[in-house]
Amino acid sequence: MPRLAIALIAAATASFVHATAPEAQYFGMDPGEVLFGECRDCHNFAEGAGPGRKAPNLWGVYGRTAATAPGWDYTPELRASGIVWTETTMEKWLRNPGALVPGTKMDFQVPNEEQRELVLEYMRNADPAGYMRAIQGLK
Ligand code: HEC
């Protein structure tokens, strides 16, 4: 299963990753945005954009029930999961989608905790209104 950490280590050497300040790994760009670039290989993340090449549009995902973005043929497993996307469920999902929802077709993991947090932070900041709706609906 592809892993985000491995993709990053392939882009820089392992010693570079360990020896330099975290922000130096991201070439001066917002680290969460750089990491989220991997998600964009499959997903779109923009209002009304429709699905991406290999996965549903993630816009407005916070507070939404899993497998309900229009225009995507989800697995029956994710549709039956009943998951509502919050920081907690999304964190578990990114750690290992197949562990949270056995049978899902999302074949990608973010095993590194700091990188998961950066991805989540990027998604929160990109859609603050959606995030606020989610936490208001879920308190
Ligand atoms: C290799 C392609 C691929 C990559 C890369 C990928 N995903 Fe996915 N993702 C999928 C697929 C396919 C699904 C639908 C899974 C299903 O139907 O079981 C999905 C589903 C999801 C869902 C559930 C969406 C919903 O509408 O319920 C979330 C949230 C998500 N991905 C987040 C991410 C994030 C964040 C990243 C980057 C860290 C990422 N994904 C990277 C393929 C990918």
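Everything that follows concerns the structure shown earlier in this document.
Residues numbered from 1 in each chain as written. Predicted model: local features only at pLDDT ≥ 70, side-chain atom pairs only at ≥ 80, totals over all residues.

J.: Provide a residue-level description of the overall build of the protein, including the pertinent values.
T.: A count of helices and strands for the protein gives eight helices and zero strands. The order of helices and strands in the protein, counted from the N terminus, is α-α-α-α-α-α-α-α. Taking the contacts inside the protein whose residues are at least 6 apart along the sequence as the reference set, 46% of them involve residues at least 24 apart. (Helix = DSSP H or I, 4+ residues; strand = E, 2+ residues; numbered from the N terminus. Contact = placed C-beta atoms within 7 Å.)

J.: Tell me what's going on with the packing of helix α5 (residues 87–95) against helix α7 (residues 113–126), and back it up with residues and numbers.
T.: At their nearest, the axes of α5 and α7 sit 10 Å apart, and the two run at 130 degrees to each other. Here α5 is positioned oblique relative to α7, judged by the angle of their axes. Considering how the two elements wind past one another, α5 and α7 form a crossing that is right-handed. Residue-level inspection shows Glu 87, Met 90, Glu 91, Leu 94 and Arg 95 of α5 in contact with α7, the latter providing Arg 116, Val 119 and Leu 120. Partitioning the contact of α5 with α7 into residue classes produces four nonpolar, no polar and four charged. (Axes fitted to C-alpha atoms, helices over the stretch in contact; angles between N-to-C directions. Parallel < 35°, antiparallel > 145°, perpendicular 65-115°, else oblique. Left-handed = near helix turned anticlockwise from the far one by under 90°. Nonpolar A, V, L, I, M, F, W, Y, C, P; charged D, E, K, R; others polar.)

J.: Any chance you could break down the environment of Val 101 for me, citing the residues and the numbers?
T.: Examined against the element boundaries, Val 101 turns out to sit in the loop between α6 (97–100) and α7. Taking C-alpha positions, Val 101 is 9.4 Å from Ile 83, a pair spaced 18 residues apart along the chain.

J.: Can you tell me about the site of the ligand, naming the residues and giving the values?
T.: With respect to spatial proximity, 28 residues lie near the ligand, and among them Cys 39, Cys 42, Ala 55, Thr 104 and Met 106 are the closest. Those elements that place two or more of their residues in the shell around the ligand are α3 (31–40), α4 (76–80) and α5. Ranked by residues supplied to the shell around the ligand, first place goes to α5 with three residues. Looking at side-chain class alone, the shell around the ligand contains 19 nonpolar, three polar and six charged residues. (Near = placed C-beta within 6 Å.)

J.: Tell me about α3, and name the residues and values.
T.: Restricting attention to buried positions, one finds in α3 the residues Gly 32, Leu 35, Phe 36 and Cys 39. Each buried residue of α3 sits inside an arc of 100 degrees when the element is viewed along its axis, so together they form one side. (Buried ≥ 20, exposed ≤ 12 C-beta atoms within 10 Å, placed from the backbone. Arc of directions from axis to C-beta.)

J.: An account of the packing of α3 against α7 is requested, with residue identities and associated values reported.
T.: With their axes 8 Å apart at the nearest point, α3 and α7 run at an angle of 95 degrees to one another. Of the possible angle classes, the one that applies to α3 and α7 is roughly perpendicular. Between α3, through Pro 31, Gly 32, Glu 33, Leu 35 and Phe 36, and α7, the contact on the second element is made entirely by Gln 115, Leu 118, Val 119, Glu 121 and Tyr 122. Considered class by class, the residues forming the contact of α3 with α7 number six nonpolar, two polar and two charged.

J.: Give me the lowdown on the environment of Pro 56, citing residues and values where you can.
T.: Among the structural elements, Pro 56 can be located in the loop between α3 and α4. With twelve residues separating them along the chain, Pro 56 and Thr 68 place their C-alpha atoms 9.2 Å apart. If we ignore the near neighbours within four places in the chain, the residues touching Pro 56 are His 43, Pro 51, Ala 69 and Trp 72.

Fair warning: the whole summary comes from geometry, so function is off the table for now.
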